[in-house]
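Understanding the architecture of this molecule
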Amino acid sequence: MLLRVLLLLAFAAALVQAIALAAVSLAHATISHRAAALANDATLAAITRAQTALAAAVAAHPGASAFPGLSPIAIATCAPLGAGACAFHASGLVTFAATGTPPSAAASPCPDRDCTSYWQENERVTEGRGDATISTIVTGPAGAVLAHRDTEVRFRTLAVPPYAVLAGSLDLRGDGLAANGTGDDAGSIGTANGGTLIDVIYQNAQTNARIRANVWRAQSYDVAPAVLPWDP
């Protein structure tokens, strides 16, 4: 009888320990998931803020190849966990990259598929690119770092509204392993309807006759930055 009681007590203790470990694991998983979600949300919000700032700069100086007035943008937000109104804190920075010297424009009747993308150099459009790096860190109630995101984004800039459009992004946790650059989903030939090229056509106001006025600048892939270590 005593042996049976001892066995039952041992089983109950093991069960309680298993339940406690499961509860701790679930709590850790919940915290990690919440922190990762906040890091992603903060990054997306930062992309929107970067696009707004770049668009304003382009609208003020259409056709410019550099915007030195673009200062870094600070990121700050928080999120609750249970009863904690602001248990997690996300902070970071958006840093705009210096614009490099663009290649010479080359007029051509039709883009060549050997290149990655083509920018419309017609003076009415003066298409360009604006790059930014976004770094976000999420900390918990005790100040411990729970998540870290580093992302590079590329915007397509135009001398006409909307002035700046997201063209590509690179998550430096893993995408950098592919040895490509920021990525550029704009200015490609594509398979239908000219892809994402901006096609400029002049039309005679009296005869309605049309002529193409494209001036293309061929672009290739960028070199990837140094790969950063993986973060949760």
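Structure shown above.
Presented here is an overview of the structure given in this document. Everything numeric in this text was worked out from a predicted model, so none of it was measured.

A count of helical and extended segments in the protein gives one helix and nine strands. Ordered by position from the N terminus, the helices and strands of the protein form the series α-β-β-β-β-β-β-β-β-β. Counting only carbon and sulfur atoms, one obtains 62% of the accessible surface of the protein, whose full area is about 13700 Å².

With respect to the helices, strands and loops of the structure, Thr 139 is situated in strand β4 (residues 128-139). Given the relative accessible area of 19%, Thr 139 is considered buried. Among all residues touching Thr 139, those that are not within four sequence positions of it are Ala 87, Phe 88, His 89, Ala 144, Val 145 and Leu 146.

Bringing unusual backbone geometry into the picture now. With an omega of 5°, the peptide bond running from Pro 161 to Pro 162 counts as cis. Relative to the helices and strands, Pro 162 is located in the loop between β5 (145-157) and β6 (164-171). Backbone geometry at Thr 126 places phi at a positive 40°, although glycine is not the residue there. Position of Thr 126 among the secondary structure elements: in the loop between β3 (117-120) and β4. Even without a glycine there, the phi angle at Asn 208 is positive, about 65°.

This paragraph deals with the environment of Ala 53. Mapped onto the fold, Ala 53 is located in helix α1 (residues 2-60). Residue classification places Ala 53 among the partly exposed residues on the basis of a relative accessible area of 25%. For the pair Ala 53 and Leu 70, spaced 17 residues apart in sequence, the C-alpha separation works out to 7.3 Å. With residues near it in sequence (within four places) discarded, Ala 53 still touches Leu 70, Ile 73 and Phe 96.

To continue, consider the packing of aromatic side chains. Pairs of aromatic rings are described using the distance from one ring centre to the other and the angle between the two planes. This model, assessed by the stated rule, comprises one aromatic pair. Arranged with centres 6.3 Å apart and planes meeting at 80°, the rings of Tyr 118 and Trp 216 form a pair that is edge-to-face. Placement of the pair is Tyr 118 in strand β3 and Trp 216 in strand β9 (residues 216-219), with a sequence separation of 98 residues. Just as Tyr 118 is buried, Trp 216 falls in that class too.

Time to look at the nonpolar core. Leu 54, Val 94, Phe 96, Ile 134 and Val 138 are the most contacted members of the largest nonpolar core, which has 28 residues in total. Elements that contribute at least two residues to this core include exactly α1, β1 (73-81), β2 (84-96), β4 and β5. In terms of residue count, the dominant contributor to this core is α1 (eleven residues). Excluding residues within four positions of it along the chain, Leu 54 makes contact with Phe 67, Leu 70, Phe 96, Gly 130, Phe 155, Thr 157 and Ala 164.

Criteria and cut-off values
- Residues numbered from 1 in each chain as written.
- Predicted model: local features only at pLDDT ≥ 70, side-chain atom pairs only at ≥ 80, totals over all residues.
- Heavy atoms only, no water.
- Helix = DSSP H or I, 4+ residues; strand = E, 2+ residues; numbered from the N terminus.
- Areas by Shrake-Rupley, 256 points an atom, 1.4 Å probe, with all protein chains shown as cover.
- Buried < 20%, exposed > 50% of the residue type's maximum accessible area, 1.4 Å probe, protein only.
- Contact = heavy atoms within 4.5 Å.
- Phe/Tyr/Trp six-rings, centres within 6.5 Å; stacked < 30°, edge-to-face > 60°.
- Core = buried A, V, L, I, M, F, W, Y, C linked by side-chain atoms within 4.5 Å.

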